[in-house]
Amino acid sequence: MPGLYIGLMSGTSLDGIDAVLADLSGPAPRLIAHAHHAFTPALRVELASLNSPGKNELRRAALAANDLTRAYAAVAGATLALAAVPAEGLEAVGCHGQTVRHQPADGYTVQLVNGALLAELTGITVVCDFRSRDIAAGGQGAPLVPAFHQAVFGRNDEHRAIVNIGGISNVTNLPSTGVVTGFDSGPGNLLLDAWAQRHLKQPFDRDGDWAKTGKIIPGLLARLKADEYFHRAPPKSTGRETFNLEWIEKYLAGNEAAVDVQATLLALTAHGIADAIIDFCANATAVYLCGGGARNLELVNVLTARLAPREVRTTDKLGVDAEQVEALAFAWLAQQTLTSKPGNLPAVTGARGPRILGAIYRA
Ligand SMILES: Nc1ncnc2c1ncn2[C@@H]1O[C@H](COP(=O)(O)OP(=O)(O)O)[C@@H](O)[C@H]1O
Ligand SMILES: [Mg+2]
């Protein structure tokens, strides 16, 4: 069937891989199947460790990329099995890869994936390494989802903001007319996850239930919010090398109760997102959330209160499951590449111009 693509996304939350199988032949994408595979603990630990300088990185990164690629192939295969669709008919797999370094100021970003191996394992054309071309053209290489948000969620009768709350959170400003902008607003789930993993020994604080029982520490919240990143004007992008446990610890006095720190981190995360919308999407009347953070009830409650009277909903309301948006975006970006269309928005990334993104490994 022409127009069928798989999108593969594994983000900075390091939770695992989301895959979608979608038909992109019509005016709106049609989702056919979705699968999520959690990372094995060993792969998660190795990918997390590769985010920081370490010993023998080149070999470890190559081996981790191979393991990750086998995991990508398995979850891509799961979507095909769910839909009983053979791999032969597919146009391409768009694969984000796993970011282990993001240093646009130094001219590079690294997303681990072995594109050649993924093409071998799936028998499908693979498009990957989407970010490097935008950086080569002077851009941040991120965020890349705004072009997709514009194509799928843009309307001429409503000024929308789309917020993807992954490990990092990014905002797309979709005015009813005029230029679409977007940027990484700062931490999404990753500070909340890191603190919950340390103190609850769980991958994340489900629904924000733990944070809800703590008390915000006003002085700490003020110090965290003073961080330079929140006050920098877009274009801007960030990652795990900035926002992590060490970043939290830098601001702690040491005598805070862990639960109160979690409450404060939740407030920081919500305020960071809401204030970015208030500052840079001033006239948006509707805010749509996606990414795993859209399932964090307490986070959504604080966001909704701070953004009133704007309507805050999830993209489920727009017909795309919040947890499938980013994977679908990478299927769409692969289609842009194969049809020789740009995938970046220069007003978002700061690149010198629109660029056809990605590296192609033919089936
Ligand atoms: N019910 C929930 N309550 C709180 N957080 C949640 C919930 N469901 C998902 N999440 C958060 O979403 C994250 C995964 O989001 P995802 O969009 O996959 O991020 P990424 O793109 O960075 O991988 C989890 O690590 C967790 O922090
Ligand atoms: Mg994820």
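Everything numeric here is computed off the predicted structure, so don't read it as measured data.

*Asks:* Mind showing me how you'd approach the site of ligand 1 here?
*Replies:* Around ligand 1 there are 19 residues in total, and G11, S13, G166, N189 and G292 lie nearest to it. Per-domain counts for the shell around ligand 1 show at least three residues from each of domain 1 (4-142 + 324-361) and domain 2 (154-318).

*Asks:* I would appreciate a short explanation of the environment of L121 in the present structure.
*Replies:* Tracing the sequence through the fold places L121 in helix α3 (residues 115-122). By C-beta crowding, L121 is classed as partly exposed, having 18 other C-beta atoms within 10 Å. Separated by 46 residues in sequence, L121 and G167 have C-alpha atoms that sit 28 Å apart. Excluding residues that lie within four positions of it along the chain, L121 makes contacts with R70 and A73.

*Asks:* I keep staring at unusual backbone geometry and nothing clicks. Help me out?
*Replies:* Note on backbone geometry: most residues besides glycine have negative phi, and most peptide bonds are trans. Here the amide bond leading from A142 into P143 is cis, since omega sits at -15°, within 30 degrees of zero. Take P143: it is sitting in the loop between α4 (131-136) and α5 (145-153). Following P234, the chain continues into P235 via a peptide bond in cis, with omega recorded as 0°. Phi angles above zero are rare outside glycine, and N56 is one such case at about 55°. Looking at the secondary structure, you find N56 in the loop between α1 (41-49) and α2 (57-83).

*Asks:* Which parts of the structure should I look at to understand the domain arrangement of the protein chain?
*Replies:* Accessible area lost during the coming together of the parts is what is often quoted as the interface size. By the assigned domains, the protein chain splits into domain 1 (4-142 + 324-361) and domain 2 (154-318). Placing the centre of domain 1 and that of domain 2 at their C-alpha centroids yields a distance of 24 Å. In this assembly, 19 residues from domain 1 lie in contact with 24 residues from domain 2. When contributions to the side of domain 1 that touches domain 2 are tallied by element, the ones reaching two or more residues are β5 (98-103), α13 (325-338) and α14 (346-349). Residues of the side of domain 1 that touches domain 2, tallied by class, amount to 6 nonpolar, 10 polar and 3 charged.

*Asks:* What exactly am I supposed to notice about the sheet that holds strand β1 (residues 4-9) here?
*Replies:* One key point about sheets: their strands pair by backbone hydrogen bonds, in either a parallel or an antiparallel sense. Taken together, 6 strands build an open sheet; the order of strands is β3-β2-β1-β4-β7-β13 and the sheet is mixed. In this open sheet, the two strands that pair with only one neighbour each are β3 (30-38) and β13 (359-361). For this sheet, the mean angle separating the axes of adjacent strands, direction not counted, is 20°. Two strands pair when backbone bridges link them, and β1 and strand β4 (residues 92-95) are joined in this way by 4 bridges, in the parallel orientation. Bridge pairing in β4 places Y5 opposite A92. Its contacts with the sheet place α13 against β1, β2 (16-23), β3, β4, β7 (126-128) and β13, and it is angled at close to 125° to β1.

*Asks:* Just checking my understanding: could you explain the pairing of β3 for this structure?
*Replies:* Regular strands have side chains that alternate between both faces of the sheet. Pairing of β2 with β3, which is carried by 8 bridges, proceeds in the antiparallel orientation. Bridge pairing in β3 links I17 to H37.

*Asks:* Explain helix α12 (residues 297-307) here, please?
*Replies:* Because each turn of an α-helix spans 3.6 residues, side chains separated by three or four positions in sequence point in the same direction. Looking at α12, one finds that the buried residues are E298, L299, V300, V302, L303 and L307. Structurally, α12 contributes buried residues whose contacts are with α7 (209-212), α11 (258-280), β11 (286-290) and β12 (311-314).

*Asks:* Which parts of the structure should I look at to understand the environment of H37?
*Replies:* With respect to the helices, strands and loops of the structure, H37 is situated in strand β3. Residue classification places H37 among the partly exposed residues on the basis of 17 C-beta atoms within 10 Å. Residues in contact with H37, not counting those within four places in the same chain, are G16, I17, A71, A74 and V75.

*Asks:* Can you walk me through the sheet that holds strand β10 (residues 181-187) in this structure?
*Replies:* With mixed pairing, 5 strands are arranged side by side in an open sheet as β10-β9-β8-β11-β12. The strands lining the two open edges of the sheet, one partner per strand, are β10 and β12. Across this sheet, the average inter-strand angle for adjacent strands is 20°, counted without regard to direction. The sheet contact formed by β11 and β12 spans 4 bridges and is parallel. Paired with Y288 across the strands is R313, a residue of β12.

*Asks:* What's the story with α13 in this structure? I'm lost.
*Replies:* In a regular helix each residue adds 1.5 Å, so 14 residues correspond to 20 Å; α13 covers 20 Å between its end C-alpha atoms and thus fits that length. Across the 14 residues of α13, 13 count as buried, placing the element largely inside the fold.

*Asks:* Explanation requested: the packing of α1 against α2 in the structure shown.
*Replies:* To characterise two packed helices, one gives the angle between the axes of the helices and the distance between these axes. Look at α1 against α2: their axes get within 10 Å of each other, and the N-to-C directions meet at 135°. Classed by the angle they form, the pair α1 and α2 counts as oblique. Both α1 and α2 take part in a crossing whose hand is left-handed. Taken together, the residues of α2 that come into contact with α1 (itself represented by L43, E46 and L47) are R60, A64, D67, L68 and A71. When grouped by side-chain class, the residues that make up the contact of α1 with α2 number 5 nonpolar, no polar and 3 charged.

*Asks:* Is there a simple way to explain the nonpolar core in this structure?
*Replies:* Side chains of a nonpolar character, in soluble globular proteins, are inclined to be buried together. Of all hydrophobic cores here, the largest spans 105 residues; its most connected members are L8, Y72 and A331. The leading source of residues in this core is α11, at 11 residues. Not counting chain neighbours up to four residues away, the residues in contact with L8 comprise I17, A19, Y72, V75, A76, V93, G94, C95, H96, A327 and F330.

Cut-offs applied
Residues numbered from 1 in each chain as written. Chains lettered and ligands numbered in written order. Predicted model: local features only at pLDDT ≥ 70, side-chain atom pairs only at ≥ 80, totals over all residues. Near = placed C-beta within 6 Å. Domains from an automatic or database assignment. Helix = DSSP H or I, 4+ residues; strand = E, 2+ residues; numbered from the N terminus. Buried ≥ 20, exposed ≤ 12 C-beta atoms within 10 Å, placed from the backbone. Contact = placed C-beta atoms within 7 Å. Nonpolar A, V, L, I, M, F, W, Y, C, P; charged D, E, K, R; others polar. Pairing = 2+ DSSP bridges. Axes fitted to C-alpha atoms, helices over the stretch in contact; angles between N-to-C directions. Expected span 1.5 Å × (residues − 1). Parallel < 35°, antiparallel > 145°, perpendicular 65-115°, else oblique. Left-handed = near helix turned anticlockwise from the far one by under 90°. Core = buried A, V, L, I, M, F, W, Y, C linked by C-beta atoms within 7 Å.

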